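# Structure assessment
The residues making up each chain are set out below.
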Amino acid sequence: NSPQGTSNEDEPNESLNRKCGPLTIEDIAVDTSSESSYTKTDTRPTADRQLESRSDRHQQAWFSGILNNNDFTATNPYLAKFLSSLDVLAEQKRSILSDTTLTESQKQEKLDGLNLPGTSAKLEDLCVFFQFTPSSNVYGYTEFDLKPGGQHIPLSLQNIEEYCDLSRSFCLDTGIKRQMEAFKGGFNTVFSLSHVKMFTPQEYRLLLCGEMSPDWSRDDLLEYTEPKFGYTRESTGFLNLVEVLVEMSGAERKNFLQFATGCSSLPPGGLANLNPRLTVVRKEGEGGDSCLPSVNTCVHYLKLPEYSSKQVLRERLLQSTQEKGFHLN
């Protein structure tokens, strides 16, 4: 079933028709009229709660529990940031409600004074309802109720935890079920998922994507890099290159690999399994220290001039790795 908009044939009950406005201690502590109840004894951090089935009528998806809050932040950073601010507000609410040194009137006063973190805005001022709003109209709908009658349920301190849970659940579970089933079906036509169960997610990512954070040592470079045509393993220019590569940061290493091989990552096993091997040849010609290195990415050839110092080599090599285009090939 495709997600529908705000149409709902069921008439919301009186509690769902409440407008944005201040709430009492009793409203915040216990809500027995809504689909879920949140009490002042519920002190679980919202972001760390496990995603649970929205209803017994829905079968749990095969990917349920795999995606977490870090994945949510990576895929929907703006909504994740907003929900994180709600988490902070919810924690402040729970802290007030659990403070035994405060009277009921003092708790109410403190709750009335709560604002969104870093702003002077009240939560009710946002007039946000229990709906998910997509970031683009290409999805074919403008909003989707996170729970029955969601278009009539305003976000408030009373239900802030539930709103965060349902929003994350929709983005990481129930709302992407059809897409994930389609992905699974397409993947299985190429390679059965049952055959990759022997791998951990980290191992399988390594097989598919290679070494995303290139790592090498001086010994690796000396053993798996081939100096030719003007350079030997004892040449000063080659040894300076080895030292420069060892001292590179992770980002600089990725740029170097992109420059020299056409790919910013290494295959599983690192330099030892790079095929063909990285080859360093001496670049002849005029220009001296002003001459830049060049490459032949098809065969992993790095054409390196004989520079006067290691520092000059480093500067020219980094300059080259930041160039875009084919004029240094």
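See the structure shown above.
A word on the pattern of salt bridges. Following the criterion strictly, the structure yields 13 salt bridges and no others. Between Arg94 and Glu91 there is a salt bridge, with its nearest N and O atoms 2.8 Å apart. In this pair, Arg94 and Glu91 both sit in helix α3 (residues 77-97), 3 residues apart, roughly one turn of the helix. Among the residues examined, Arg94 registers a relative accessible area of 3% and is labelled buried. Owing to a relative accessible area of 41%, Glu91 belongs among the partly exposed residues under this scheme. One continuous salt-bridge network, built from bridges that share partners, spans Glu91, Lys93, Arg94 and Glu161.

Burial along strand β6 (residues 301-304) is one-sided: Leu302 and Leu304 are buried, while Tyr301 and Lys303, pointing the other way, are not. As paired strands, strand β4 (residues 278-282) and β6 are joined by 4 bridges and run parallel to one another. Counterpart to Val280 in the pairing with β6 is Leu302. Relative to β6, strand β5 (residues 294-296) runs antiparallel, the two sharing 3 bridges. For Val295, the partnering residue across the bridge sits in β6 and is Leu302.

This structure, assessed with the given rule, holds 7 aromatic pairs. Arranged with centres 6.4 Å apart and planes meeting at 80°, the rings of Trp216 and Phe256 form a pair that is edge-to-face. Placement of Trp216 in the loop between α7 (201-209) and α8 (218-224) and of Phe256 in helix α10 (residues 250-261) is noted, with a sequence separation of 40 residues between them. Classification of Trp216 by relative accessible area gives buried; the value is 5%.

Glancing now at helix α9 (residues 236-247). In this model α9 runs 17 Å from its N-terminal to its C-terminal C-alpha over 12 residues, within 8% of the 16 Å that 1.5 Å per residue would give. All buried positions along α9 are accounted for by Gly237, Phe238, Asn240, Leu241, Val242, Val244 and Leu245. Buried residues along α9 sit against α8, β3 (225-228), α10, β4, β6 and α11 (310-321).

So, on to a nonpolar patch on the surface. Taken together, the side chains of Trp62, Ile66 and Phe183 make up a nonpolar region of the molecular surface, amounting to roughly 310 Å² of accessible area. With respect to the element layout, Ile66 can be found in the loop between α1 (25-29) and α2 (69-75). When its relative accessible area of 55% is taken as the criterion, Ile66 is described as exposed.

Before going further, it helps to examine the packing of α9 against α11. Their axes nearest at 9 Å, the elements α9 and α11 cross at an angle of 60°. As the angle between them shows, α9 and α11 are arranged oblique. In the crossing of α9 with α11, the sense of the turn from one axis to the other is right-handed. Residues Gly237, Asn240, Leu241, Glu243, Val244, Leu245 and Glu247 of α9 pack against Lys310, Leu313, Arg314 and Leu317 of α11. Partitioned by chemical class, the residues of the contact of α9 with α11 number 5 nonpolar, 2 polar and 4 charged.

Here the focus is the nonpolar core. Membership of the largest hydrophobic core comes to 28 residues, with the highest contact counts inside it found for Leu86 and Leu123. Secondary structure elements with two or more residues in this core: α3 and α5 (160-172). Non-local contacts of Leu123, meaning those with residues more than four positions away in its chain, are made with Leu86, Leu89, Leu116, Leu155, Ser156, Leu157 and Ile160. Core analysis: the next-biggest nonpolar cluster, separate from the first, contains 27 residues, Phe238, Phe259, Leu304 and Tyr307 among them.

Moving on to the environment of Pro148. Structurally, Pro148 is set in the loop between β2 (144-145) and α5. Judged by its relative accessible area of 54%, Pro148 is exposed.

Moving on to the sheet that holds β3. Spatially, the 4 strands line up as an open sheet ordered β3-β4-β6-β5, and their pairing is mixed. At either margin of the open sheet sits one strand with a lone partner, and together these are β3 and β5. Along the sheet, successive strands turn relative to each other by an average axial angle of 25°, direction set aside.

Here is what the cut-offs are and how they apply
- Residues numbered from 1 in each chain as written.
- Predicted model: local features only at pLDDT ≥ 70, side-chain atom pairs only at ≥ 80, totals over all residues.
- Heavy atoms only, no water.
- Salt bridge = Lys/Arg side-chain N within 4 Å of Asp/Glu carboxyl O.
- Helix = DSSP H or I, 4+ residues; strand = E, 2+ residues; numbered from the N terminus.
- Buried < 20%, exposed > 50% of the residue type's maximum accessible area, 1.4 Å probe, protein only.
- Pairing = 2+ DSSP bridges.
- Phe/Tyr/Trp six-rings, centres within 6.5 Å; stacked < 30°, edge-to-face > 60°.
- Expected span 1.5 Å × (residues − 1).
- Contact = heavy atoms within 4.5 Å.
- Patch = residues over 30% accessible without salt bridge, like charges linked within 9 Å, V, L, I, M, F, W, Y side chains within 5 Å.
- Areas by Shrake-Rupley, 256 points an atom, 1.4 Å probe, with all protein chains shown as cover.
- Axes fitted to C-alpha atoms, helices over the stretch in contact; angles between N-to-C directions.
- Parallel < 35°, antiparallel > 145°, perpendicular 65-115°, else oblique.
- Left-handed = near helix turned anticlockwise from the far one by under 90°.
- Nonpolar A, V, L, I, M, F, W, Y, C, P; charged D, E, K, R; others polar.
- Core = buried A, V, L, I, M, F, W, Y, C linked by side-chain atoms within 4.5 Å.

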